[in-house]
Amino acid sequence: MASATSLDSQIPEATAPQDATTSAQTQFPTVNIGTRSSVLAQIQARHVEQLLKNAHPDRTFKICPVLAQGDKDKVTPLQQLSQGENAKSLWTGELEAMLEQGEVDIIVHCLKDMPTQLPDNLALAAILEREDPRDALIVSPKFPEGTMLADLPAGSVIGTSSVRRAAQLRRMYPSFEFIDLRGNVGTRLAKLDAEGSPYSAIILAAAGLKRMGLDNRIRQYLSSESGGMLHAVGQGALAIEIRADDYAMSDMLQSIRCEKTTRACCAERALLRALEGGCSVPIGVETTFRSQKGLSVGLQPAAEYDKDGKAVEEDTVPLDDQELVLKTLVVSVDGKDSVEYEAARKVRSGAEAEVLGRDVAKILIERGADNILQQISAEKQWAAKKQLEEMDTTA
Ligand SMILES: NCc1[nH]cc(CCC(=O)O)c1CC(=O)O
């Protein structure tokens, strides 16, 4: 995907009044695009708008940014914010209400932030081509250039609000400490760079940094081969949500979907659904495609990405002839217990990819993943209860 600046330059100024030759535009109502209001979310929405404009030059589009609950409350740790009734609606609640009421026609989401179960009247209409799915290490400027994860001294503080990221890093680097780090990408980088900052490094999704043109801050790409980190389900992919009965919109979105990303993410999301985990549960995945010749094609984190973030290797083998390889890892919060499994299979559709995801979930459960996940949900409930008790005593 293009960087933020080049994206900007492709976007025309506010739509000029339409003359008679473009009157076709008035035949259809404007498509209202709902998005969260963060800088990254708006870059993503503009990217989708541009793809749609290219594919449907006769249509008009308007971006409607909305402040989400998770953006408003920057104090409560994410794990607590997403407890109970708020579960999973943190980023999507207000936008989904607007979609249901017809105030917007599509919502642009980071697939990673979308619950695996949507309300019945809404649907995931398209998954777009994936940006780099890996997590990225950003190191404090107080360390010399070239300092990687393994070079950070014992006791270093890593900023992340993600249970998955912290658990996986504890597993590989038990001496590190972790402190919650909230806010949008710009805020997090500023907190890392601030004078007297407690953080030695932070972890962010490479995709977000690349979309914002901030990938010059990335010190190390984390993957199964580097730092032993698997990314979140759906990370790096954008997804479009619509009203389930809006067939016209569903048709329109087929022009911008990506089959390869859809298959990969269907496998990942089916796995997550079967393990009943939310986005904050320590399930890491890495999905790649492998041709019969044994060479790995596309999406693989180990691939070289060019300056636009595209995997350099060209796909020459038809997608149906490639195996979908799903690497998975479930880790306990303390990083001491873990279960991993890797499976590969040819799939010809998103639905077939979902079967692969569910099969892998079964195997992970047989190998003890459910014990790890149950322990985590018990701890979460305990933390929520304790917080309520504390509120009682201070009231
Ligand atoms: N949880 C927030 C979130 N949701 C999606 C992204 C990054 C972009 C993506 O994964 O598509 C981020 C920020 C981050 O994790 O660093």
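Keep in mind that this is a model prediction, so the values were computed, not measured. (Residues numbered from 1 in each chain as written. Predicted model: local features only at pLDDT ≥ 70, side-chain atom pairs only at ≥ 80, totals over all residues.)

## Focus: the site of the ligand
Lining the immediate surroundings of the ligand are Cys-110, Lys-112, Asp-113, Leu-204, Ala-205, Ala-207, Gly-208, Gln-235 and Gly-236. Elements represented by at least two residues in the shell around the ligand include exactly strand 8 (201-205) and helix 8 (206-211). For the shell around the ligand, the per-class residue count stands at four nonpolar, three polar and two charged. Two domains each provide a minimum of three residues to the shell around the ligand, namely domain 1 (1-128 + 237-257) and domain 2 (135-222). (Near = placed C-beta within 6 Å. Helix = DSSP H or I, 4+ residues; strand = E, 2+ residues; numbered from the N terminus. Nonpolar A, V, L, I, M, F, W, Y, C, P; charged D, E, K, R; others polar. Domains from an automatic or database assignment.)

## Remarks on the domain arrangement of the protein chain
Assigned domains of the protein chain: these are domain 1 (1-128 + 237-257), domain 2 (135-222) and domain 3 (258-389). Taken together, the 10 residues of domain 2 in the interface contact 14 residues of domain 3. Examining the composition of the side of domain 2 that touches domain 3, we find that six residues originate from one element, helix 6 (residues 163-172), more than from any other. (Contact = placed C-beta atoms within 7 Å.)

## Things to note about the pairing of strand 13 (residues 323-331)
Burial runs high along strand 13: eight of the nine residues are buried. As defined by bridge partners, strand 11 (residues 283-290) adjoins strand 13 across eight bridges and the pair is classed as antiparallel. Considered in strand 13, the bridge of Arg-290 is made with Glu-323. Where strand 13 lies against strand 14 (residues 338-346), nine bridges are found, and the strand directions are antiparallel. Within the sheet, the bridge partner assigned to Glu-323 lies in strand 14 and is Lys-346. Hairpin connection, strand 13 to strand 14: the antiparallel pair is bridged by six residues, and Gly-335 has positive phi, about 80 degrees. (Buried ≥ 20, exposed ≤ 12 C-beta atoms within 10 Å, placed from the backbone. Pairing = 2+ DSSP bridges.)

## Some thoughts on the environment of Ser-377
Looking at the element boundaries, Ser-377 is found in helix 12 (residues 369-394). Between the alpha carbons of Ser-377 and Asp-180 there is a distance of 19 Å; along the sequence they are 197 residues apart.

## Some remarks on the nonpolar core
In this structure, Ala-136, Ile-202, Ile-240, Ala-267, Leu-271, Leu-324 and Val-330 are the most contacted members of the largest nonpolar core, which totals 87 residues. The leading source of residues in this core is helix 10 (residues 259-274), at seven residues. Beyond its immediate sequence surroundings of up to four residues, Ile-240 is in contact with Val-48, Ile-106, Val-108, Ala-125, Ala-126 and Leu-253. (Core = buried A, V, L, I, M, F, W, Y, C linked by C-beta atoms within 7 Å.)

## Here we look at helix 5 (residues 93-100)
Within helix 5, burial applies to Leu-95, Glu-96 and Leu-99. Looking down the long axis of helix 5, one finds its buried residues gathered within 100 degrees of arc, a one-sided arrangement. Looking at the buried positions of helix 5, the neighbouring elements they touch are strand 1 (31-36), strand 2 (61-66), strand 3 (106-110), strand 4 (122-127) and strand 10 (238-243). Gly-102 sits one or two positions beyond helix 5 and adopts a positive phi of about 80 degrees. (Arc of directions from axis to C-beta.)

## A closer look at the packing of helix 10 against helix 11 (residues 350-366)
Remark: helix 10 packs on helix 11, axes separated minimally by 7 Å, with the N-to-C direction vectors making an angle of 35 degrees. Pair helix 10 / helix 11 crosses with right-handed handedness. Contacts between helix 10 and helix 11 pair Thr-262, Arg-263, Cys-266, Ala-267, Glu-268, Arg-269, Ala-270, Leu-271 and Ala-274 from the former with Gly-350, Ala-353, Glu-354, Leu-356, Gly-357, Arg-358, Val-360 and Ala-361 from the latter. The class makeup of the residues in the contact of helix 10 with helix 11 is nine nonpolar, three polar and five charged. (Axes fitted to C-alpha atoms, helices over the stretch in contact; angles between N-to-C directions. Left-handed = near helix turned anticlockwise from the far one by under 90°.)

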